[in-house]
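Now for the letters of each chain:
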Amino acid sequence: MSLKLYDTLSRSLKRFEPANPPTVSLYACGPTIYDHAHIGNYRSFLVYDLLHRYLVWSGYNVRFVMNLTDVDDKTILKAAEAGETIKEYTGPFGKQILEDAEELGILPAEAYPLATDYIEEMISWTQRLIENGMAYSTADGSVYFSIGSFPEYGRLKGLDLETATTVSRVDSDEYEKEDVRDFVLWKTTKSIDEKVEASWDSPWGRGRPGWHLECSVMSIKELGETLDIHMGGEDLVFPHHENEIAQSEAVTGKPFVRHWVHVKHLVVEGSKMSKSLGNTITVRQLLEEGFEPAAIRHQLLSAQYRKELNFTRKDLVASASAVQRIVDFETRLSSFGELPVDGEGELSAISLKTISEFQSVMDDDLNSAEALAVLFVFINKANGELDSGSDIFQGDVDRALETLKSMDLVFGLLSIAKETRQIDSSMEVWVERLLDERNEARQNRDFQRADQIRDELLSKGIALEDSEGGTRWKKSG
RNA sequence: GGCGCCGUAGCCAAGCGGUAAGGCAGAGGCCUGCAAAGCCUUUAUUCCCCGGUUCGAAUCCGGGCGGCGCCUCCA
């Protein structure tokens, strides 16, 4: 088996083949950092992370880059409202978005290029496009890409440009374009741009880059002329990615991307998330409401990335329970004392089978929903085996633990759940003291006092589990 | 109008031609001082509806009905 990914351009499941294995170049369209990122953004980021992690898990040497857009119409407007330059305005948002990503266990990218750090390159790309006859400047100092000069235009989205000239796209503002479908590479400066320092010198006068150009320039500068994988939200297929292909291939003459991967949009509490409906949710909000990062992560992974996912708080509660089950299983495996070393039981066989199943469902276009099912089947079978009374050997437990941790390298659930379950040492002392008192009460068969202590601990989020080996405690929701 | 997706138990969600995974929730049992955790049993004879193809369909085809996305800034 090997990884198959759905490729938007060919509209089919395509075997993943990087140009220069074992290296993989992975580029993802990141957010525009004019506001907090919402949970929908994070579904995309999490899918980027899932692919990133799975490629690493599969043995590839992944070079992952995600851009941050810090100059565009909305950013300029917001910065002006705040009376700041775009740099001042966007900086904190960019920082916060990455902090929240870290909280969700998203592995860092190799680089997070900012659009405004690549102005010179964008200018030189624009010049090259004009030289190639693919672009033209207008009297007002803007530059447009000429779609008519790129016959492939529209292929990614599956548009037939001859017949599908959509009426709605005729924009009266942009009368200077030779063709209404042409898109802007360089925009001439308006006074507001200067105010927020979103304006640069260019051969066509003061101006700023068009949004589409940055990804072409940054991805190629960071990763080379042909990317193995380019990811983004489904909304970016057209026109953003379509435009990227046109610009990039017009300049390099090489195929821009080998695999286009697009993430389906998230639905929140049953309806599309939008600012106008006022139903956007940020990760920060959810954390403040008391949901743990691992539960958020679990829910976002519970549907395959090309399926619609309805994100709800109710399901977040269910996800938290599911995460707890994983954590409890790991605790159980880690709590074995001395075990015989000279043997191997059924548990090892179960573990081995699990890994190969995990691999095969993940290879099938990152079917995280089914991969999670593989995890839970494993937990179920392993628990059953541990309860069966048959001999357990050290190697079995080691292998099971290894299997769990290996899958978690991709899921990233256990690792972040453990972080949120950490407890400070003064609290720990307090818990241990009460636990001693309770054990003494239990020995004296003073169950009323024992249960009272258990309830008190539970009200502070500490759950107890009595077993033959003693009482175990854990932090719980 | 154009392009595309989806409709599977109370909820979430796999399966995509061979007789319904998994999670959450519920019920009964084992274990326990009681719990918790874990295990066992149980919860869709059936996959929106109607036709068709097939030995066989949730899975393929046609037609309905219902929900949604993109085509415009948007992950």
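Residues numbered from 1 in each chain as written. Chains lettered and ligands numbered in written order. Predicted model: local features only at pLDDT ≥ 70, side-chain atom pairs only at ≥ 80, totals over all residues. Heavy atoms only, no water.

Undergrad: Go over helix H10 (residues 313-334), please, and point to the residues and values.
TA: Between its first and last C-alpha atoms H10 spans 31 Å; for 22 residues at 1.5 Å apiece the expected length is 32 Å, and the two agree. By the burial criterion, the buried members of H10 are Leu316, Ser319, Ala322, Val323, Gln324, Ile326, Val327, Phe329, Glu330 and Leu333. (Helix = DSSP H or I, 4+ residues; strand = E, 2+ residues; numbered from the N terminus. Expected span 1.5 Å × (residues − 1). Buried < 20%, exposed > 50% of the residue type's maximum accessible area, 1.4 Å probe, protein only.)

Undergrad: Can you tell me about the domain arrangement of chain A, naming the residues and giving the values?
TA: Domain boundaries assigned for chain A yield domain 1 (4-272), domain 2 (309-420) and domain 3 (425-475). Summarising the inter-unit geometry, the C-alpha centres of domain 2 and domain 3 are found 28 Å apart. The interface of domain 2 with domain 3 comprises six residues on the first partner and four residues on the second. Between domain 2 and domain 3, roughly 320 Å² of surface is buried when both sides are summed, and carbon and sulfur atoms account for 35% of that area. In terms of surface lost to domain 3, no three residues of domain 2 exceed Gln324, Asp328 and Thr420, which account for 62% of the buried area on that side. (Domains from an automatic or database assignment. Contact = heavy atoms within 4.5 Å. Buried area = accessible area lost by both parts, 1.4 Å probe.)

Undergrad: Can you break down empty space enclosed by the protein residue by residue, with the values?
TA: Using the criterion set out here, one finds one cavity of 30 Å³ or more in the structure. As a volume, the largest cavity reaches approximately 60 Å³. What lines the largest cavity is Phe45, Tyr48, Phe64, Met66, Leu98, Ala101, Ile106, Leu107 and Tyr112. Counting residues per element, the ones that place at least two in the lining of the largest cavity are helix H1 (39-57), strand S4 (61-66) and helix H3 (86-103). The residue makeup of the lining of the largest cavity, split by class, is nine nonpolar, no polar and no charged. (1 Å grid on protein atoms, 1.4 Å probe; cavity = no way out; pocket = protein on both sides within 12 Å on 5 of 7 lines; lining within 4 Å. Points joined across faces, edges and corners; volume = space filled by probe spheres on them. Nonpolar A, V, L, I, M, F, W, Y, C, P; charged D, E, K, R; others polar.)

Undergrad: Can you break down the pairing of strand S7 (residues 183-188) residue by residue, with the values?
TA: As paired elements, strand S6 (residues 143-145) and S7 share three bridges and run antiparallel to each other. Following the sheet pairing, Val143 is matched in S7 by Trp186. Where S7 and strand S8 (residues 207-209) come together, three bridges link them in antiparallel fashion. Bridge assignment links Thr188 to a residue of S8, and that residue is Gly207. (Pairing = 2+ DSSP bridges.)

Undergrad: Outline the packing of aromatic side chains, listing residues and values.
TA: Tallying each qualifying case throughout the model produces 16 aromatic pairs. For the pair Tyr54 and Phe358, a centre-to-centre distance of 6.4 Å together with 80° between the ring planes defines the contact as edge-to-face. Remark: Phe358 occurs in helix H11 (residues 346-363) and Tyr54 occurs in helix H1; sequence separation between them is 304 residues. When its relative accessible area of 0% is taken as the criterion, Tyr54 is described as buried. (Phe/Tyr/Trp six-rings, centres within 6.5 Å; stacked < 30°, edge-to-face > 60°.)

Undergrad: Now, about the pattern of salt bridges: what can you tell me, with residues and values included?
TA: Counted according to the given criterion, the structure contains 35 salt bridges. A salt bridge links Glu289 to Arg313, with the shortest nitrogen-to-oxygen separation between them at 2.7 Å. Of the two residues, Glu289 sits in the loop between helix H8 (283-288) and helix H9 (293-301) while Arg313 sits in helix H10, which places them 24 residues apart along the sequence. Arg399 is the partner of Glu344 in a salt bridge, and the nearest nitrogen-oxygen pair spans 3.4 Å. Pair noted here: Glu344 is in the loop between H10 and H11 and Arg399 is in helix H13 (residues 394-411), with a separation of 55 residues, a long-range link. Its relative accessible area of 28% is what places Arg399 among the partly exposed residues. By sharing partners, the salt bridges in this structure join Asp73, Lys187, Asp193 and Arg208 into a single network. (Salt bridge = Lys/Arg side-chain N within 4 Å of Asp/Glu carboxyl O.)

Undergrad: Run through the sheet that holds strand S3 (residues 23-28), naming residues and quoting values.
TA: Sheet architecture is open: four strands sit in the order S4-S3-S9-S10, paired in parallel fashion. Each end of this open sheet is capped by a strand with a single partner; those strands are S4 and strand S10 (257-263). Looking at each pair of strands side by side, their axes are set apart by 20° on average, direction ignored. As paired strands, strand S9 (residues 227-233) and S10 are joined by six bridges and run parallel to one another. Counterpart to Met231 in the pairing with S10 is Val261. Sheet strands touched by helix H6 (residues 211-223): S3, S4 and S9. Its angle to S3, the strand with the most contacts, is close to 160°. (Axes fitted to C-alpha atoms, helices over the stretch in contact; angles between N-to-C directions.)

Undergrad: Quick one: what's the story with the nonpolar core, residue by residue and with numbers?
TA: Among the nonpolar cores identified, the biggest contains 133 residues, and Ile39, Phe145, Ile229 and Phe358 are the most heavily contacted of them. Split by domain, this core shows at least three residues from each of two domains, domain 1 (4-272) and domain 2 (309-420). Apart from residues no more than four positions distant in its own chain, Ile39 is found in contact with Leu266, Val268, Met273, Ile281, Thr282, Val283, Leu286, Ile296, Leu300 and Phe311. Membership of the second largest hydrophobic core comes to seven residues, among which are Val431, Ile453, Leu457 and Ile462. (Core = buried A, V, L, I, M, F, W, Y, C linked by side-chain atoms within 4.5 Å.)

Undergrad: Please set out the sheet that holds S8 residue by residue, giving values where relevant.
TA: One open sheet holds the four strands; their spatial order is S5-S6-S7-S8, and the pairing between them is antiparallel. A single partner strand is all that each edge strand has here, and the edge strands are strand S5 (135-137) and S8. Strand-to-strand twist across the sheet, computed as the mean angle between neighbouring axes with direction ignored, equals 20°. Here S5 pairs with S6 via three bridges, running antiparallel. By the bridge assignment for S6, Ala135 is matched with Phe145. Packed on one face of the sheet, helix H4 (residues 119-131) meets S5, S6, S7 and S8 and runs near 120° to S7.

Undergrad: Break down the packing of H9 against helix H14 (residues 413-420) for me, citing the residues and quoting the values.
TA: Look at H9 against H14: their axes get within 8 Å of each other, and the N-to-C directions meet at 155°. When the interaxial angle is binned, H9 and H14 end up roughly antiparallel. Taken together, the residues of H14 that come into contact with H9 (itself represented by Pro293, Ala294, Arg297 and His298) are Leu413, Ile416, Ala417 and Thr420. Looking at the contact of H9 with H14, its residues break down into five nonpolar, two polar and one charged. (Parallel < 35°, antiparallel > 145°, perpendicular 65-115°, else oblique.)

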